Amino acid sequence: MAWTEKDEEREERISMRIIVDTYSPEEQAWGWHAYLDDTMDFPFEARCVTEREESPLKEGETIRVVGMSPTDPTLSQMFVTIEWMDRELGVPLEQLEPLEAGHDTEQAIADWQYWLDR
């Protein structure tokens, strides 16, 4: 995994908005889930940038993200619900890159990616 340089603005947003008032890893994970759910503007188009064992998506595949998955979040993985082959299923947000998404959605995904990389 590549090391990411510290971003003070992002660090401030994470500590003061996303994981503020959380005392355990589980609470932090739910803080992230709430932030992503509140900030991302669903639906949006995204592309799979990496294949994952727990996901059927192939690299380069374009899909529509329709919401946060009901799968319990962890500090290493968040799932979003996508439309894929006439059904909806959850896939890791980490494997997606937004294509047609607003600034807030792009920033929220970048914040999550930053958290994972740090």
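A. Looking closely at the nonpolar core. Trp32, Leu36, Met40, Val65, Val80, Ile82 and Leu96 are the most contacted members of the largest nonpolar core, which has 28 residues in total. When residues of this core are traced back to their parent elements, those giving at least two are helix 1 (8-18), helix 2 (25-39), strand 1 (44-48), strand 2 (62-68), strand 3 (79-84), strand 4 (87-92) and helix 3 (103-117). Residue contributions to this core peak at 5 residues, all from helix 3. Ignoring sequence-local partners within four residues, the contact set of Val80 consists of Met40, Val65, Gly67, Met68, Ser69, Leu89, Gly90, Val91, Leu93 and Leu96.

B. Spatial organisation of the packing of aromatic side chains. Scanning the model with the defined rule gives 4 aromatic pairs in all. Ring geometry for Trp32 against Trp112: centres 5.1 Å apart, planes inclined by 70°, an arrangement best described as edge-to-face. With Trp32 in helix 2 and Trp112 in helix 3, the pair connects residues that are 80 residues apart, well separated along the chain. Of the two residues examined, Trp32 and Trp112, each falls in the buried class. Taken together, a centroid distance of 5.4 Å and an interplanar angle of 55° make the contact between Trp32 and Trp115 tilted. You can see Trp32 sitting in helix 2 and its partner Trp115 sitting in helix 3, a full 83 residues away along the chain. In this structure Trp32 comes out as buried when scored by relative accessible area, which is 0%. Residue class for Trp115 comes out partly exposed when judged on its relative accessible area of 23%. Members of the aromatic cluster, each reached through a chain of ring pairs, are Trp32, Tyr35, Trp112 and Trp115.

C. Geometry of unusual backbone geometry. For the bond running from Phe42 to Pro43, omega is -10°, close enough to zero to count as cis. Its location among the elements puts Pro43 in the loop between helix 2 and strand 1. The phi dihedral of Asp21 is positive, around 60°, even though this residue is not glycine. The backbone of Asp86 sits at a positive phi, close to 65°, despite the residue not being glycine. Residue placement: Asp86 occurs in the loop between strand 3 and strand 4.

D. Spatial organisation of the pattern of salt bridges. Under the counting rule described, the total for this entry stands at 11 salt bridges. Across the pair Arg64 and Glu45 runs a salt bridge whose closest N-O atoms are separated by 3.2 Å. Residue Arg64 is located in strand 2, and its partner Glu45 is located in strand 1; the two are separated by 19 residues in the primary sequence. For Arg64, a relative accessible area of 34% gives the class partly exposed. A salt bridge links Glu83 to Arg64; the nearest nitrogen and oxygen atoms lie 3.8 Å apart. Of this pair, Glu83 sits in strand 3 while Arg64 sits in strand 2; the two residues are 19 residues apart in sequence, bridging distant segments of the chain. Overall, Glu83 belongs to the partly exposed group, its relative accessible area being 37%. What you see here is one network of salt bridges that share partners, running through Asp7, Glu9, Arg10, Arg13 and Asp111.

What counts as what
Residues numbered from 1 in each chain as written. Predicted model: local features only at pLDDT ≥ 70, side-chain atom pairs only at ≥ 80, totals over all residues. Heavy atoms only, no water. Core = buried A, V, L, I, M, F, W, Y, C linked by side-chain atoms within 4.5 Å. Buried < 20%, exposed > 50% of the residue type's maximum accessible area, 1.4 Å probe, protein only. Helix = DSSP H or I, 4+ residues; strand = E, 2+ residues; numbered from the N terminus. Contact = heavy atoms within 4.5 Å. Phe/Tyr/Trp six-rings, centres within 6.5 Å; stacked < 30°, edge-to-face > 60°. Salt bridge = Lys/Arg side-chain N within 4 Å of Asp/Glu carboxyl O.

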